[in-house]
Each structure stands twice: as structure tokens, then as C-alpha cells.
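Per-entry structural report
Spelled out, the chains give:
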Amino acid sequence: MTAIDAAPPRRRAGDHPPAVAELIDEATVTEITEQAWLALVGEDEVLVPLPAPLPADTLSSWVGITGPWTGTVVLTTGRDTAVELTRALLREHAPEVLEDEDVDDALGELANVVGGNVKAVLPGPSALGLPEVGATPPAGSPADTVRVDVLWRGQPLTVSVQSVLHTEEENEVPL
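Just so it is clear, the structure is predicted and the values come from calculations on it, not from any experiment. The written sequence of each chain sets the order in which its residues are numbered from 1. Reporting in this predicted model follows two pLDDT cut-offs: at least 70 for local features of residues, and 80 or more for side-chain atom pairs to be given and counted; totals over whole chains, interfaces and linings ignore these cut-offs and use all residues. Calculation of side-chain values draws on the structure's entire complement of heavy atoms; hydrogens and water are dropped beforehand.

When the centres of two rings from Phe, Tyr and Trp lie within 6.5 Å, Trp using its six-membered ring, the rings pair. Their planes under 30 degrees apart give stacked, over 60 give edge-to-face, and anything left gives tilted. Per the stated rule, a full pass over the model turns up one aromatic pair. Between Trp37 and Trp152 the ring centres are 6.1 Å apart and the planes differ by 70°, which places this aromatic pair in the edge-to-face class. A residue pair is termed long-range when its members are at least 10 positions apart, and Trp37 in helix α2 (residues 26-40) and Trp152 in strand β6 (residues 145-152) qualify at 115 residues. Per residue, the accessibility class of Trp37 equals that of Trp152, and both read buried. A run of H or I in DSSP counts as a helix once it spans at least four residues, and a run of E counts as a strand once it spans at least two, with each numbered from the N terminus. Exposure is judged per residue with a 1.4 Å probe applied to protein chains only, and the accessible area is read against the type maximum: over 50% gives exposed, under 20% gives buried, and values in between give partly exposed.

Shown next as C-alpha cells:
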């Protein structure tokens, strides 16, 4: 196979972007998340691939990816779990009382690392946005979402690679 044969097909302006499920699967998202967890949270901290309902009070962190596929990588967990995660990330440097900013920074860093590794397996060139933290951003089509549900220390956490909600008007050019 030559380099020309290996190049991805070019899309035309009217073509729809590929669905994320055509580009990445749950096993890859799980592996990326587990590697980030080992590197940032600790070697003794494991993720158990079991779905469980998220609590009512959640916090999400996400990064956007822009390129041939555009969307977000979103981590969502309960607020109390987010605090525990922050303590695990900061280890002995964790203050006795965590500020909201500490929690936002920790979750943002996790989203940044997971998102950067997801970006690396998607077709490029792509750009990674800055991490954001807050209420879960709206997803596009469920068919354009890959979601992984895990437990960390018995608490639910989801990682979603999801398209951005688009409307037809976004692509129209005013005359």
C-alpha cells in the first residue's frame, strides 16, 4: 500500500462528518480512561466497568475536539466523588478544605488527558480545546455518542465521546 492509498477519503463540503462510533469504540475509550487513571489518580486506583445511575448532584468536565469529527469528551460524576477524585489527584498536597476551583482544576485535568488521548486516535488534523467544568453539555445524536460507564471506589463515573448538537441553520451562509 502506498501513502496515497493509506490517506483517508476526502470529504466534500456537503458531506456529513462520520459518526464517532465509526471512529472509536467503547473498548478504546475504556482503555484510554484506564491509562489516564493510572497515570493521574494512581496505580492502586481501578475503574470497574459496571454501569450505575449517577446521583442527582453531578459535575462534568469536558474538552472539545475540532477536526474531521467535532465533538466533546465529557467526564461526569457525583459532586462528592469529584471531591474524592481531587484529593486522590493532589495526594499529600490536598488542603484540608478544598475550594471549588481545586475540584474544577482536577476534573478539568482528567478531561484534558482523556480528551487528548481520544483526539490522538481520531482522524486528524484535530485541535483540542481548553477544559471546561459545569453542567453536562448537551450531546448531539445518541447514535453519535460512545459512552463508557464505570465505578471508581464504588461510585459511578461516565466518559462520553459525543457529537456537538448542530442545527441545519449553522451551515447556512447569509446572503
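Attention shifts here to unusual backbone geometry. Of note, the amide linkage connecting Gly124 to Pro125 takes the cis form, showing an omega dihedral of 0°. Along the chain, the position of Pro125 falls in the loop between α4 (100-121) and β4 (127-128). You will see that Arg91, though not glycine, has its phi angle at about 50°, which is positive. Here Arg91 shows up in the loop between α3 (79-90) and α4. What makes Arg91 partly exposed here is its relative accessible area of 42%.

Residues Glu99, Asp100, Glu101, Asp104, Asp105 and Glu109 make up a contiguous surface patch of negative charge. On the secondary structure map, Asp105 appears in helix α4. With a relative accessible area of 49%, Asp105 lands in the partly exposed category. Patch membership requires over 30% relative accessible area and the absence of a salt bridge. Like charges are linked within 9 Å, and nonpolar side chains (Val, Leu, Ile, Met, Phe, Trp, Tyr) within 5 Å. Per-residue and other accessible areas were derived by the Shrake-Rupley procedure at a 1.4 Å probe size, with only the shown protein chains allowed to occlude residues. Any Lys or Arg side-chain nitrogen found within 4 Å of a carboxyl oxygen on Asp or Glu counts as a salt bridge. Charge counting treats Lys and Arg as positive and Asp and Glu as negative, with His and both chain ends excluded. To locate a charge, take atom NZ for lysine, CZ for arginine, CG for aspartate or CD for glutamate.

As for its position among the elements, Ser160 is in strand β7 (residues 155-163). The exposure class of Ser160 is buried, given its relative accessible area of 8%. Ignoring anything within four residues of it in the chain, the contact list for Ser160 reads Thr72, Val73, Val74, Thr145, Val146 and Arg147. In this analysis, two residues are considered to be in contact whenever any of their non-hydrogen atoms come within 4.5 Å of each other.

What follows concerns the packing of α2 against α4. A fitted line through C-alpha atoms represents every axis, and for helices the fit uses only the stretch in contact; the resulting angles, taken between N-to-C directions, go from 0 to 180 degrees. Where α2 contacts α4, the axes come no closer than 9 Å and their chain directions differ by 135°. Between α2 and α4, the interaxial angle falls into the category oblique. In this structure, α2 meets α4 at a crossing whose hand is right-handed. Along the contact surface, α2 presents Thr28, Ile32, Thr33, Ala36, Trp37 and Leu40, while α4 presents Glu109, Leu110, Val113, Val114, Asn117, Val118 and Val121. Residues of the contact of α2 with α4, tallied by class, amount to nine nonpolar, three polar and one charged. Should an angle fall under 35 degrees it is taken as roughly parallel, and over 145 as roughly antiparallel, whereas 65 to 115 is taken as roughly perpendicular and any remaining angle as oblique. Handedness of a helix crossing follows the sense of rotation of the near helix relative to the far helix, less than a right angle counterclockwise being left-handed and clockwise being right-handed. Asp, Glu, Lys and Arg are counted as charged, while Ala, Val, Leu, Ile, Met, Phe, Trp, Tyr, Cys and Pro are counted as nonpolar; the rest, among them Gly, fall into the polar class.

Fair warning: the whole summary comes from geometry, so function is off the table for now.
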